[in-house]
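If you want the building blocks of each chain, they are given just below.
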Amino acid sequence: MNPVNYLYLAALLFAIGATGVLIRRNMIVVFMCIELMLNACNLAFVAFSRLHGNLDGQIIAFFTMVVAAAEVVVGLAIIVSLFRSRHSASVDDASLMKL
Amino acid sequence: MTSVAAYTTSTGEAFQFWVLGTVAVIGALSTILMRRAVHSALCLAGTMIILAVFYLANGAYFLGIVQVVVYTGAIMMLFLFVVMLVGVTAADSLKETLRGQRWLAALCGLGFAVLLFAGIGNAAVTDFNGLAKANEGGNVEGLAALIFTKYVFAFEITGALLITATVGAMVLTHRERTERAKTQRERAEQRVREGKHLPPLPAPGVYARHNAVDIAGLLPDGTPAELTVNGTLRERGQIRDVSHEALADLRALEQRSADRLERPDLRRTDIGREGEGTGERAGRTEEASK
Amino acid sequence: MEKLIALLVAAPLLGAAVLLCGGRLLDRVGHWLGTLLAAASFAVAVVLFTDMLGKDAEDRSLHQHLFRWIPVEGFQADVAFQLDQLSMTFVLLITSVGTLIHLYSVGYMEHDERRRRFFGYLNLFLAAMLLLVLADNYLLLYVGWEGVGLASYLLIGFWQHKPSAATAAKKAFLVNRVGDMGLSIAIMLMFTTFGTFAFGPVLGAAEETGEGKLTAIGLMLLLAACGKSAQVPLQSWLGDAMEGPTPVSALIHAATMVTAGVYLIVRSGEIFNAAPDAQLAVTVVGAVTLLFGAIVGCAKDDIKKALAGSTMSQIGYMILAAGLGPIGYVFAIMHLVTHGFFKAGLFLGAGSVMHGMNDEVDMRKYGGLRKYMPVTFVTFGLGYLAIIGFPGLSGFFSKDKIIEAAFAKGGAEGWILGSVALLGAAITAYYMTRVMLLTFFGEERWRHRATASPEEPGAEPAAETRGGPGGHAEPHPHESPASMTIPMVLLAVGSVFAGGFFSIGDRFVHWLEPVTHHDHGDSPLSAATVTGATVVVLVVGVTLAWFQYGRRPVPVVAPRGSLLTRAARRDLLQDDFNHVVLVRGGEHLTRSLVYVDHTLVDGVVNGTAASVGGLSGRLRKLQNGYARSYAVSMFGGVAVLIAATLLMRAV
């Protein structure tokens, strides 16, 4: 088996995550789907690292994890404060931009 | 072991890929399709663990461990905390409110997948180098050497980013008190003025029989006192009602004393007043006494 | 000597500035200051004239360069003066007649509280006219030209409390603007054609320039001259300009304003010489105006308007002569000078008559005034004899020469122009005799009759002093004060002797020849024949007028008259023509333009706005505020980008 299959898997997971972002209304689930997309990217990086024979891909994946952690912290804080003020975790309820 | 795993894809790895890959895709699909956020989070955690295995299989040992520890262990648990905070039982309705949104999303996802597949297929990567050489000094050491030399700036900046994110999260969730906190005296006065329940709330539980918080205490006539149960449980409807047992006991006691004192008219009127529900309770009471 | 040229303009200009900015402190001495500065300008002119006479004919031309006005690459405009024989003639005429009119105004405007301002305007008028004739390029000439227009506007509308005066001033200004457009276009054409607008280079290069361009320039110059000199078709302002004080009329008609057109054409002689078509147009305009003015002059009962018609007619003579080319230039200028004397005298006489008659202007209410105003009668009579061309007086010489030159044009054209000029002479004799008879002879029609200006009693300041409140009492004709009679006497002297002085030994021809050149032409008629014919038509005209007005009493109310008479009373329907053609046409044009603006322009604008609004309303639906919708579009956009990238790579 060729390690390229990992890339196909990553692409599939990424597409699934993106679709999830688009169809789910619960903010937390949307956030989870974003994490899924990030993980798919990480998998692709790791696979590339193996394909190219150096560790740079793994480094990028590592940084992605760090940034994802920071993002989760802030994002969940936003969700919590939104829930506090609006008593809802639905993305569609936060539609003040609508005319 | 390092060199062997990195060089070629063994049949074992291929088997592992197809099995675990299928599971990972199923987990991902469950993540976006489960109605409850808790289930989604658990499915995602499963997918992530499988990804950790894939990392290990690709020679990224450090990342595999970090994936399990940081992602699955920390981040996903954070998600679960928030899910609990927001409401674990709340389930999304599956009815789509935006017209055409679901179809568009599916179309986009599918098209995107096709495009990515096409792109990867075009990339023509038939042979690969493997990580044996890069990992020969040890994967962690190799990563450390890169992080602290080539990527030291990025590393430092991500550190700053983490600090900022921490502060940001605290700022976001911190609630600023906008008015002076009321003293105990003021609160007591307010309560009297509003005519609310003045003394401490009665304790839950039924003396000498049940001691749990979800069991309402009984009033002198044997009916449950809702006030004794926590408001949250009351709202969720999770009160265990044991009043019928007590009532049945009471009735049995009265029956016995009536038998002894030969006052049949009392029982008849009693039964007539209680109606059909009493029979069932009486049966239960007999079982319990056995 | 050259240094003195600027003084000619500077003196009256200084007077205007001082008088207009000086405030009430100068009310007491302002009129004398203005007169003094005009006289100073005249004195400088005399000094320059004597100096010029001492030189040879060929180097009499003086130049003075003051400063460079607009120094732009190819567009060099200088403030520079040129004083040659032609300019000198005008300067002498303007300053002398102007000074006399100033003097006259001292008496005439004595009771006007705004006399100081009036003298300021008069000085401005003189300064502008002097600038016009002294300029050495067309742009500076244009400055003087516009200055004359401004000053005439201010003076015609001097009594602006009268609506008629204000309207007349506006009319004069607007009609003049049409001519000014012609002059400015002519200057632009000169600049594009010759690259300059100084007299020397332009006139020097006229020989070798294409006839088409010169014709265009010439026609534009003719338009300008028509505006300033009140020639057909821009003649309508002149009659209404009589609303101004009488000295202003005298100044406009004799010395300053209407002569500017003749000056322009004679100055641009080289251009017209090389453009026969333009020259023909000039002669036609002159001939038509000659008859037009004369006919109008016959019908008017208002003494000033009759004189105005006469001016138009006489200027027509000059334009006609100027259109004849080198044969006529000299005689145009000569007639201009003599006309300046006798027309100024006539207007001042008319003013004097009005002064004595409670500001009455209707000649039918005069009559037999010779006994009451002997000096006015004599001076007016001499001016009358001069203008009809009585043998031996100024008008006889100058007009005779013009008629002669018209015949000398040659061919059918010469015959036509000559006959028109002769006919004009006859009509001139007729209407001037009529004026004379109505005013000074016959019965005293003003007796037992309250006379006053029809519309606005007391508008002329002279009337305010006498006649009690409202000035409706019977007039007491009397001679005017010395400050008014002295100028009249001096002008009468000029109108009697100037023509003879100029003609004897062809002095004037030799004087102007270096500038305008002279050509005798070949007249089909001998000079004696023409003179004889002139005298004959003169006698015929006078006799006709005497039969009509001298033998029998003149009705006080004008008879209905023939169709031509009625038309002539309405200035030969010129205002009606303007109204129908220009005003109505303009109204229709603006109405249609407004319609186009409302439907087409506004329609496009509003339609654009409405379509943008509608489109925005539709587009707004896309902005539903749901983050997920936006996410879909972003995601779709990314997909399209990736697809495009892949496709590009595949290609």
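Reading the values: rules and limits
- Residues numbered from 1 in each chain as written.
- Chains lettered and ligands numbered in written order.
- Predicted model: local features only at pLDDT ≥ 70, side-chain atom pairs only at ≥ 80, totals over all residues.
- Heavy atoms only, no water.
- Contact = heavy atoms within 4.5 Å.
- Buried area = accessible area lost by both parts, 1.4 Å probe.
- Salt bridge = Lys/Arg side-chain N within 4 Å of Asp/Glu carboxyl O.
- Polar contact = N/O pair within 3.5 Å; in protein donor to acceptor, adjacent residues only side chain to side chain.
- Helix = DSSP H or I, 4+ residues; strand = E, 2+ residues; numbered from the N terminus.
- Nonpolar A, V, L, I, M, F, W, Y, C, P; charged D, E, K, R; others polar.
- Buried < 20%, exposed > 50% of the residue type's maximum accessible area, 1.4 Å probe, protein only.
- Pairing = 2+ DSSP bridges.
- Axes fitted to C-alpha atoms, helices over the stretch in contact; angles between N-to-C directions.
- Parallel < 35°, antiparallel > 145°, perpendicular 65-115°, else oblique.
- UniProt positions renumbered as here; feature names shortened; annotations may be inferred.
- Core = buried A, V, L, I, M, F, W, Y, C linked by side-chain atoms within 4.5 Å.

Participant: Would you take a moment to explain the interface of chain B and chain A for this structure?
Facilitator: Frequently, the measure chosen for interface size is the accessible area removed from exposure when the parts meet. The interface of chain B with chain A comprises 87 residues on the first partner and 66 residues on the second. Between chain B and chain A the total buried area reaches about 7000 Å² when both faces are included, carbon and sulfur atoms providing 74% of it. If you look at where chain B meets chain A, you find 2 salt bridges. The tally of links between chain B and chain A comes to 12 residue pairs in polar contact (both at pLDDT 80 or more). Of all the secondary-structure elements, those providing two or more residues to the side of chain B that touches chain A are helix H1 (2-7), helix H2 (11-33), helix H3 (37-57), helix H4 (61-87), helix H5 (101-123), helix H6 (139-147) and helix H7 (152-173) of chain B. Looking at the side of chain B that touches chain A residue by residue, the classes come out as 57 nonpolar, 22 polar and 8 charged.

Participant: How should the pairing of strand S2 (residues 75-83) of chain C be read in this particular structure?
Facilitator: Successive side chains on a regular strand alternate, one facing one side of the sheet and the next facing the other. Residue and element names in this part refer to chain C. Buried residues dominate S2, accounting for 7 of its 9 residues. With 9 bridges joining them, strand S1 (residues 62-72) and S2 adopt antiparallel strand pairing. Each residue of the ladder has a partner; that of Gln64, found in S2, is Phe81. Joining the antiparallel neighbours S1 and S2 is a turn of 2 residues.

Participant: I tried to follow the packing of helix H3 (residues 85-108) of chain C against helix H21 (residues 507-516) of chain C on my own but got confused; where do I start?
Facilitator: In a pair of packed helices, the angle between the axes and the distance between the axes together describe the arrangement. All names here are of chain C. For the pair H3 and H21, the least separation of the axes is 7 Å and the interaxial angle reads 125°. Compared by their axis directions, H3 and H21 come out oblique. Packed against H3, whose contacting residues are Gln85, Leu86, Met88 and Thr89, the element H21 presents Phe508, Trp511, Leu512, Pro514 and Val515 at the interface. Here the contact of H3 with H21 is built from residues that sort into 7 nonpolar, 2 polar and no charged.

Participant: I keep staring at the interface of chain C and chain B and nothing clicks. Help me out?
Facilitator: Counting residues at the interface gives 11 residues for chain C and 10 residues for chain B. Interface area, chain C with chain B, both sides summed: about 1000 Å², of which 77% is carbon and sulfur. Looking only at chain C, the three residues that lose the most surface to chain B are Arg628, Val632 and Phe635 of chain C, adding up to 48% of its buried area. Residue composition of the side of chain C that touches chain B, grouped by class: 8 nonpolar, 2 polar and 1 charged.

Participant: Before we go on, may I ask you to explain the UniProt feature "transmembrane region" (unreviewed entry) in chain A in this structure?
Facilitator: Summarizing the sequence annotation, UniProt attributes the feature "transmembrane region" (unreviewed entry) to residues 6-23, 28-48 and 60-83 of chain A in the numbering used throughout. Secondary structure across residues 6-23 of chain A divides into 100% helix and 0% strand, with the first and last C-alpha atoms of the span separated by 26 Å.

Participant: Looking at this structure, how should I read the nonpolar core?
Facilitator: Here is a general trend for soluble globular proteins: nonpolar side chains tend to be buried in one another's company. Of all hydrophobic cores here, the largest spans 195 residues; its most connected members are Tyr138, Trp237 and Ile271 of chain C. If you tally residues by element for this core, the top one is helix H15 (residues 329-356) of chain C, at 17 residues. When near neighbours in sequence (up to four residues on either side) are disregarded, Tyr138 of chain C contacts Ile187, Met190, Phe197, Phe199, Val202, Leu203, Leu264, Ser268 and Ile271 of chain C. If you look at the next biggest cluster of nonpolar residues, it comprises 84 residues, including Val4 and Phe31 of chain A together with Ala45 and Tyr151 of chain B.

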